[in-house]
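Residues per chain, in single letters:
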Amino acid sequence: MPLRFLTAGESHGPAVLTILEGMPAGLPLSAEDINPDLARRQGLSAGGKPYPGASPRMKLERDSAQILSGVMAGVTIGAPIAVQVANLDHAKWKGKAIAPMTIPRPGHADLTGALKYAHSDLRMSLERASARETTARVAAGAICRKLLAEFGVRVGSYVVEIGGVRADLTDMPLEDRVARALESDIACPDETAAASMRARIEAVIRAKDTLGGVFEVVALGVPPGLGSHVHWDRRLSGRLAQALLSIHAMKGVEIGDAFENAKKTGTQVHDEILLADDGDSTAGGGRLLRPTNRAGGLEGGITTGQPIVLRVAMKPIATTLTPLNSVDLASGEPRPVEYERSDFCAVPRAGVIGEAMVCFVLADALLEKLGGDSLAEMKPRFEALRRACLSDLLMSNEPTVFWGTEEQNT
Ligand SMILES: Cc1cc2nc3c(=O)[nH]c(=O)nc-3n(C[C@H](O)[C@H](O)[C@H](O)COP(=O)(O)O)c2cc1C
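Treat the numbers as computed from the prediction; the structure is a model and nothing was measured.

Caption draft 1: How the structure looks around the overall build of the protein. Along its length, the protein carries 13 helices and 17 strands. Taken over C-alpha atoms, the radius of gyration comes to 23 Å for the protein, in line with the 22 Å a tight globule of 410 residues would show. Burial statistics for the protein: of 410 residues in total, 44% are counted as buried. Considering only contacts in the protein between residues 6 or more positions apart, those separated by 24 or more positions represent 69%.

The structure is reproduced here in structure tokens:
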């Protein structure tokens, strides 16, 4: 797999870092391509309003990317790209004597990390296990997003459920969902549901508790033929699911209508392949048509050319103002957990992290498909792929418009 990235850094250390390796040369790139996604991860909607339920730390810090390598004169040079984001909170912790933490919080890596690494101070685990690490992922994802945009691929997300309150997005095109979520202070395209979600979060804060929820990540304009059916670790469905489940607190991933489909019969579920009788094809007879997309854009671990639709379940935040029971590992006595500043609901902030991971997997798969060390090398190969798809095989699709047609994905 041509693309890879590593992250480093602790929650209250000086900075978090990303090294992204395998990016082709010739991609225009600056910190301005990364900072808007960092702001969304911090809980600031596109309008600059903070998401409800975000931790006060999000108001304290303004993340800003510093590109340390791999870019010269504003374009990538094919070398590893290192990005640093400073932890402004670090100054407050630097040099301070902090008492060891010995009461593990349920739902965190405190106990499991201590058992694995033999830490007596649980901070040694929680500092790296913290979702602060996702800042570095978002930086890597933003660079991958820039590459994908060169080929017309767009990735977005929106909240569909918080604490049991569900958005009704029936008949709302995917494009509109993403656009409306960017304007919403809770990243939800359904305004009525958004109001109820806000109220639900306010109620849970008053009740000294926390919430989780569900968001969707969609990829539009994805060419067919990314991924492969030939081996388990090349199936794009598995790679996307793994990438999303690797995000802190994500406990379920669904591709397309997977769980609804599981209740139905085969003839009700599978997206039929029809011939459009518009006579546009040189293959004789017409173009292929997929009128539905219940499969979520993936068949046999390979992209179909339809939108990729992924649903992700986030567990409720594990740090609760109402203390959960635990045990002080220093004394062996039962003790309630001690509270530290925390989000009450992070679902609106989580979508952009999901986008980052999907951007990374798709950029990797695109590079695999096209090869090439520079954009200049990739572009003609991509055009050849598009021409082959349009003339030999494919494709038109209503209502989910297929890749390569004039109309874009809905
Ligand atoms: C964007 C985001 C923000 C989070 N903020 C918090 C938080 O403020 N407090 C908290 O207890 N957990 C928070 N979490 C979740 C913890 O990181 C997560 O519960 C912990 O890593 C354990 O989950 P795991 O078992 O999936 O690793 C957040 C997660 C994400 C993705």
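Caption draft 2: Main features of the sheet that holds strand β3 (residues 65-69). Read across the sheet, 4 strands follow the order β1-β2-β6-β3 without closing on themselves; strand pairing throughout is antiparallel. Of all strands in the sheet, those with a lone pairing partner are β1 (4-8) and β3, marking the two edges. Between one strand and the next, the sheet's axes are offset by a mean angle of 20°, whatever the strand orientation. Both strand β2 (residues 15-21) and strand β6 (residues 81-86) contribute to a ladder of 6 bridges, which runs antiparallel. Across the sheet, the residue bridging to L20 is I81, located in β6. Relative to the sheet, helix α6 (residues 134-149) contacts β1, β2, β3 and β6, its axis offset from that of β2 by approximately 35°.

Caption draft 3: Main features of the site of the ligand. Every one of the 20 residues lining the ligand counts as a neighbour, but A131, H248, T319, D343 and A346 are closest to it. Broken down by element, the residue count for the shell around the ligand peaks at 3 residues, all from helix α12 (residues 347-370). Split into classes, the residues belonging to the shell around the ligand amount to 10 nonpolar, 8 polar and 2 charged.

Caption draft 4: Expanded view of the environment of E216. Locating E216 in the fold gives a position in strand β9 (residues 213-220). Taking the C-alpha atoms as reference points, E216 and E161, separated by 55 residues in sequence, lie 9.5 Å from one another. When near neighbours in sequence (up to four residues on either side) are disregarded, E216 contacts S157, Y158, V160, V309, L310 and R311.

Caption draft 5: Examining helix α4 (residues 110-117) more closely. Burial in α4 covers these residues: D110, G113 and A114. The buried residues of α4 occupy an angular sector of 100° when projected down its axis, which confines them to one face. Exposed residues pointing more than 90 degrees away from the buried face of α4 are listed as T112, L115 and K116. Buried residues in α4 make contact with α5 (123-129). Backbone geometry just after α4 places A118 at a positive phi near 60°.

Cut-off values and rules
- Residues numbered from 1 in each chain as written.
- Predicted model: local features only at pLDDT ≥ 70, side-chain atom pairs only at ≥ 80, totals over all residues.
- Helix = DSSP H or I, 4+ residues; strand = E, 2+ residues; numbered from the N terminus.
- Rg over C-alpha atoms; globule rule 2.2 N^0.38 Å.
- Buried ≥ 20, exposed ≤ 12 C-beta atoms within 10 Å, placed from the backbone.
- Contact = placed C-beta atoms within 7 Å.
- Pairing = 2+ DSSP bridges.
- Axes fitted to C-alpha atoms, helices over the stretch in contact; angles between N-to-C directions.
- Near = placed C-beta within 6 Å.
- Nonpolar A, V, L, I, M, F, W, Y, C, P; charged D, E, K, R; others polar.
- Arc of directions from axis to C-beta.

Bear in mind that shape data such as this cannot, by itself, settle questions of function.
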